[in-house]
Amino acid sequence: MEHGQSIISGRGEQAGTTVTRDYGRTQRKRTGAESRQRVGDAFLFGDASYRLLITREWPQISVPMILGVIGVGTVNHAWTDLHAPAVALLGAALALLGYLPASLERRVRLSTGPRMMLMTLTLGLPMLVYGWGIAAWAESGAVPWLQCLALLITTSLLATVMQSGRLSGVLAAQVTLWSGVTCAASSAGALFTLAIGGVIAIGAYLRQREIDFIAFEKAEEDSRVQTRAQEILADFEETGQGWFWETDRRGMLSYLSRPVADTLHRKMEDLVGRPFTDLFNLSEQAGEGERTLAFHLSARSSFADLTVRASTRDEERWWSITGRPTYDAFNNFQGFRGSGADLTEKKRSQEHASRLAQFDSLTGLSNRFRMSQSLEKILNTPQVHQRTCAVMLLDLDRFKQVNDTLGHPAGDALLKQVAQRLEYCVGGDGRVGRLGGDEFQVILPGKTEKTALANLANRIIESLSQPYSIEGSRVMIGASVGIAIAPEDGMTSEALVRNADLALYAAKDGGRGRCHFYAPDLHSDAEERRQLEEDLRDALAHGGLELCYQPVVQTATEKIAGFEALLRWNHPKLGWISPVRFIPIAEETGLIAQVGEWALRTACQDLARWPGNVRVAVNVSPIQFSNPALPSIVTSALAHSGIDPERLELEITESVFLNDDEGTDAMFRSLKGLGVRLVLDDFGTGYSSLGYLKHAPFDKIKIDQSFVRGATQPGSRNGAIIASIVSLAEALEMDTTAEGVETLDELDLIRQLGVSHVQGYIYERPMSAADAAEKLAAGPVVVAHGPRSARPMRQTMLRKVTLQHGGHSYDGMVRNISQTGALIEGLWNVPAGTIFRIMLADAHHVTATCRWSAGERMGVAFSDPLHIDADGRIAAVAAAAPQRPLRRVPEPVPQRRVG
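As the structure is a prediction and not an experimental result, all values here were calculated from the model.

Q: Can you lay out the overall build of the chain for me, pointing to particular residues and giving the numbers?
A: When its secondary structure is counted, the chain shows 30 helices and 27 strands. Burial status across the chain gives 48% buried among its 899 residues. For the chain, the computed accessible surface area is about 43900 Å², with 54% contributed by carbon and sulfur atoms.

Q: I'd like a rundown of the sheet that holds strand β4 (residues 318–327), residues and numbers included.
A: Ordered by their spatial adjacency, five strands build an open sheet running β2-β1-β5-β4-β3, and the pairing between neighbours is antiparallel. Strands with a single pairing partner mark the edges of an open sheet, and in this sheet they are β2 (253–256) and β3 (303–309). Averaged over all adjacent pairs, the angle separating strand axes in this sheet is 25°, with direction ignored. Here β3 runs beside β4; their pairing, made up of five bridges, is antiparallel. Each residue of the ladder has a partner; that of Phe303, found in β4, is Gly323.

Q: Go over the sheet that holds strand β7 (residues 431–436), please, and point to the residues and values.
A: Sheet strands line up and pair through hydrogen bonds in the backbone, either parallel or antiparallel. One open sheet holds the five strands; their spatial order is β7-β8-β6-β11-β12, and the pairing between them is mixed. Here the strands that pair on one side only, and so sit at the sheet edges, are β7 and β12 (515–517). Along the sheet, successive strands turn relative to each other by an average axial angle of 20°, direction set aside. Strand direction decides the pairing type here: β7 and strand β8 (residues 439–445), joined by five bridges, are antiparallel. What sits directly across from Val432, in β8, is Val442. Against the sheet, helix α17 (residues 408–426) touches β6 (389–397), β7 and β8, its axis set at about 15° to β8.

Q: If you had to explain the pattern of salt bridges to someone new, which residues and values would you point to?
A: Within the structure shown, the criterion is met by 27 salt bridges. The closest approach of N and O atoms between Glu646 and Arg615, which form a salt bridge, is 2.8 Å. Of the two residues, Glu646 is situated in the loop between α24 (630–641) and β17 (648–653) and Arg615 in strand β16 (residues 615–620); the sequence distance between them amounts to 31 residues. The residue Asp699 makes a salt bridge to Lys672 at a minimum N-O spacing of 2.6 Å. Of this pair, Asp699 sits in the loop between β18 (677–683) and β19 (700–703) while Lys672 sits in helix α25 (residues 662–673), placing them 27 residues apart in sequence. According to the relative accessible area criterion, Asp699 is buried, its value standing at 18%.

Q: Now, about the packing of helix α22 (residues 592–607) against α24: what can you tell me, with residues and values included?
A: Running from N to C, α22 and α24 point in directions that differ by 30°, and their axes come no closer than 9 Å. Regarding the angle of α22 to α24, the classification is roughly parallel. Remark: the crossing between α22 and α24 carries right-handed chirality. Of the residues in α24, those in contact with Glu597, Leu600, Arg601, Cys604 and Gln605 of α22 are Ile633, Val634, Ser636, Ala637, Leu638, His640 and Ser641.

Q: Got a sec to walk through the pairing of β4? Specific residues and values, please.
A: Counted residue by residue, β4 has seven buried out of ten residues, so it is predominantly covered. Between β4 and the antiparallel strand that follows it, strand β5 (residues 333–342), lie five residues; Asn331 among them carries a positive phi value of about 65°.

Q: I'd like a description of unusual backbone geometry, backed by residues and values.
A: For the bond from Ala486 to Pro487, the omega torsion is 10°, close enough to zero to count as cis. Within the secondary structure, Pro487 sits in the loop between β11 (478–486) and α19 (493–509). For His265, which is not glycine, the phi torsion reads 55° and is therefore positive. With respect to the helices and strands, the residue His265 is situated in the loop between α11 (258–264) and α12 (268–271). For His265, a relative accessible area of 61% gives the class exposed. Even without being a glycine, Arg398 presents a positive backbone phi close to 65°. Mapping Arg398 onto the fold places it in the loop between β6 and α16 (399–406).

Q: Which residues make up α16, and what values go with them?
A: Buried within α16 we find Phe399, Gln401, Val402, Asn403 and Leu406. Buried residues along α16 sit in contact with β6, α17, β10 (473–475) and α23 (622–625). Directly after α16, the chain includes Gly407, whose backbone phi takes a positive value near 100°.

Q: Summarise the side chain of Ser320; cite the residues concerned and give the values.
A: Checked against the element boundaries, Ser320 lands in strand β4. Note on Ser320: relative accessible area 11%, which makes it buried. Discounting chain neighbours no more than four positions away, the residues touching Ser320 are Asp305, Leu306, Ser339, Gly340, Ala341 and Leu343.

Q: Pulling in residues and values, what's your account of the confidence of the model for the chain?
A: Taken residue by residue, the chain gives an average pLDDT of 80. The fraction at 70 or more is 84%. Segment residues 28–37: pLDDT under 50, and twelve contacts once partners within four positions in sequence are set aside and those in other chains are kept. The low-confidence segment residues 286–290, where pLDDT is below 50, has four contacts with residues more than four positions distant or belonging to other chains.

Q: Go over the packing of aromatic side chains, please, and point to the residues and values.
A: This model, assessed by the stated rule, comprises 15 aromatic pairs. Judged by centre distance (4.1 Å) and plane angle (20°), the ring pair of Trp245 and Phe276 falls under stacked. With Trp245 in strand β1 (residues 243–247) and Phe276 in the loop between α12 and α13 (288–299), this residue pair connects regions lying 31 residues apart in the sequence. Each member of the pair, Trp245 together with Phe276, is buried.

Q: Residue-level account of α24, with values.
A: When the terminal C-alpha atoms of α24 are compared, their 17 Å separation across twelve residues agrees well with the 16 Å that a helix rising 1.5 Å per residue should span. Looking only at α24, the buried set comprises Leu630, Pro631, Ile633, Val634, Ala637, Leu638 and Ser641. Angular distribution of buried residues about the axis of α24 spans 165°; they occupy a single face of the element. The exposed set on the far side of α24, more than 90 degrees from its buried face, consists of Ser632, Ala639 and His640.

Q: Before we move on, could you go through the environment of Val308 and cite the residues and values that matter?
A: Following the sequence through the fold, Val308 ends up in strand β3. Taking C-alpha positions, Val308 is 9.9 Å from Thr292, a pair spaced 16 residues apart along the chain.

Q: Could you give an account of a nonpolar patch on the surface, naming the residues involved and the relevant values?
A: There is a patch of nonpolar side chains on the surface, built from Val63, Leu67, Ile70, Trp79 and Leu82 and spanning about 470 Å² of accessible area. With respect to the helices and strands, the residue Leu82 is situated in the loop between α4 (62–76) and α5 (83–96).

Quick notes on the rules
- Residues numbered from 1 in each chain as written.
- Predicted model: local features only at pLDDT ≥ 70, side-chain atom pairs only at ≥ 80, totals over all residues.
- Heavy atoms only, no water.
- Helix = DSSP H or I, 4+ residues; strand = E, 2+ residues; numbered from the N terminus.
- Buried < 20%, exposed > 50% of the residue type's maximum accessible area, 1.4 Å probe, protein only.
- Areas by Shrake-Rupley, 256 points an atom, 1.4 Å probe, with all protein chains shown as cover.
- Pairing = 2+ DSSP bridges.
- Axes fitted to C-alpha atoms, helices over the stretch in contact; angles between N-to-C directions.
- Contact = heavy atoms within 4.5 Å.
- Salt bridge = Lys/Arg side-chain N within 4 Å of Asp/Glu carboxyl O.
- Parallel < 35°, antiparallel > 145°, perpendicular 65-115°, else oblique.
- Left-handed = near helix turned anticlockwise from the far one by under 90°.
- pLDDT = per-residue confidence, 0-100.
- Phe/Tyr/Trp six-rings, centres within 6.5 Å; stacked < 30°, edge-to-face > 60°.
- Expected span 1.5 Å × (residues − 1).
- Arc of directions from axis to C-beta.
- Patch = residues over 30% accessible without salt bridge, like charges linked within 9 Å, V, L, I, M, F, W, Y side chains within 5 Å.

Written as structure tokens, this is what we have:
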């Protein structure tokens, strides 16, 4: 570990600074000439680290050499002839003078050759002279050979010991010593001995060199393995993949990887010797990491992948640590040793993945999964009294039109703004989530009164119905809300959401832009709706739909100028079904495109069989208008029928201008380029701006029947409105058509105001294509027939009311009212005798019974007569009563008639 630490700290970087390289640096050396020169060093130097040929102790050999000569001479009284002992003492003196070359070798850097010569002179010459002197002394007979041999052998052994395993020095001393002995007897023998010694030295050198080479190769391999391990360890720590640590038996750090100190912005010297737990911030881990780590350290048990938080101040970092206890050979506990890894990015990725799993990536709201969890948590609370909540399901009206006209990026931007408005409206009272598409959900925990829920729902609807600015375009949408309350409407999340969804469908069926509470009979309504959808598909596939035609008459000549095509459905079991009932289903299921195309082609085919001066008007829904293929469909219908494009009128409502963009203008240009006439239908009942009239190439404006009704009554402003519309149309060179004319006085007023065309029961009711052909064959002139005026005792009005029956609410329109009864539109084929509770105003409710019904109209009789005010008007409806919260939002555009 220490060597690994030195490698890490020796990166050439400043202390305390972590620099991560994108490459690794190796410190392994190659085995080259320099390495090979070291082979054979053991022959020369043995295992000495200071690499000297002559040992420091060599001059000391002179002492036993001198003592040996003196001892042998004294014992044998051989001092008569001093020639041989003097030579031996000279050799000893030369050995004593060996400290001079030994000192020179230590001080002066010499090459191997001079050093070998120096070694030969220092070791070989004294031994050669000493051996010759002792041998010559024995040869003279002054001393016994046995004693001389003992002295020579002792000196030889001392020379071997003095050279400390240096084989070269040992051989030099031994060979020269015994060569000197041989030289005393024969000079030729001395030369032979030297030769043999040289051969032995060369052989010994070669053998030792081979041994050294093998040992060196093994040492090199061991060094490479150790260095490789150290470098891998260094790279592992440097790249941040992990780090290592070690503690003593007291739990104090004895080793720690430098990257850990760099991460903690502390010095290694400050951390080593500190408790291991100082590396972590265990106090902020809810006790879990602290208890687990403390347990393992105290129990001396191993642990793996333990998640802890680093004790950093400037940022939050998480580590995964692994460790195990260590013991010595005597099974004594020595501490812990382990590793660690950085979990910060992984933990952040997990948190990000968790957020993606629980939150909507577009709006940041809770997603379906998290909303379901929240609802389950409330409904499964142990305290029964706390299992109360309310669920609101929201669906955006006309959102698909935004996607189709402005594109999906604009739709995404719109959803973000919707999410912001929703969160603002709900605030801290509940949780808002997006289920997908344009569906949102609100969960309100606790018990909330229905009045408060209705107020909140209407605030949401009002807020979401305000204009949006998307990519420079002004966008208008709406919202419908379905509400279910727990535990009354369901004890499980599935039941509660399903019932809220049924309430949402009821809100849509009621005209959109409103809220609706769940009621048990909605299940039957949903099944009826599903069955009606299937029947509508079958009717479209098998020709079950029909077109009726209502004449449009010129006011001045009373001649039929054309017809408006009206869609009818004669259900095989239910009879005639109002378009108000099945057209919304067609729009929601996507059938409206097929229904509209069928109506357009059928109307053109019928028109081809009528006189050339007669036109036909076909209604185009906003969804059809937003379809880029509409010009192609119109072109195909005209070509297939062979009629003049000028005979076809396309009636378009103001709602197409809610998204005032280039797509709308391009569609108008394309349709007008085909040569067809464009009619603005239901003028004044929808879009409030008149700016679109500057660009839209309309040929006719249709005055809605709501302005015609009651126009002849005293004090009515409808006549002034009609006159203004006529003036506007004439200034723009457009024709006008008044719809819903039913009485002769209304017809007279329409003529006086200059309306160019009339459409209503005053002339004809809608008829089949065959009857229309017969009518035209009999002559284009028609005669008005009907009552002179509405009954004076009845008060004509256009007022929306809510009717309640069987726990379900219906929206209707009061056309006229008296003290004893009223004419109401909006409900189709109501059985006689059905009892309703009608809310005429906030504080005024009346019970009424259906006396008769025809189509979407019915006459009701009040259980108690209504009061008359001083002006002779019905008191309950005379004063403008304050609107209920449900009516604070703008009224939705009336459902379109297709065909």
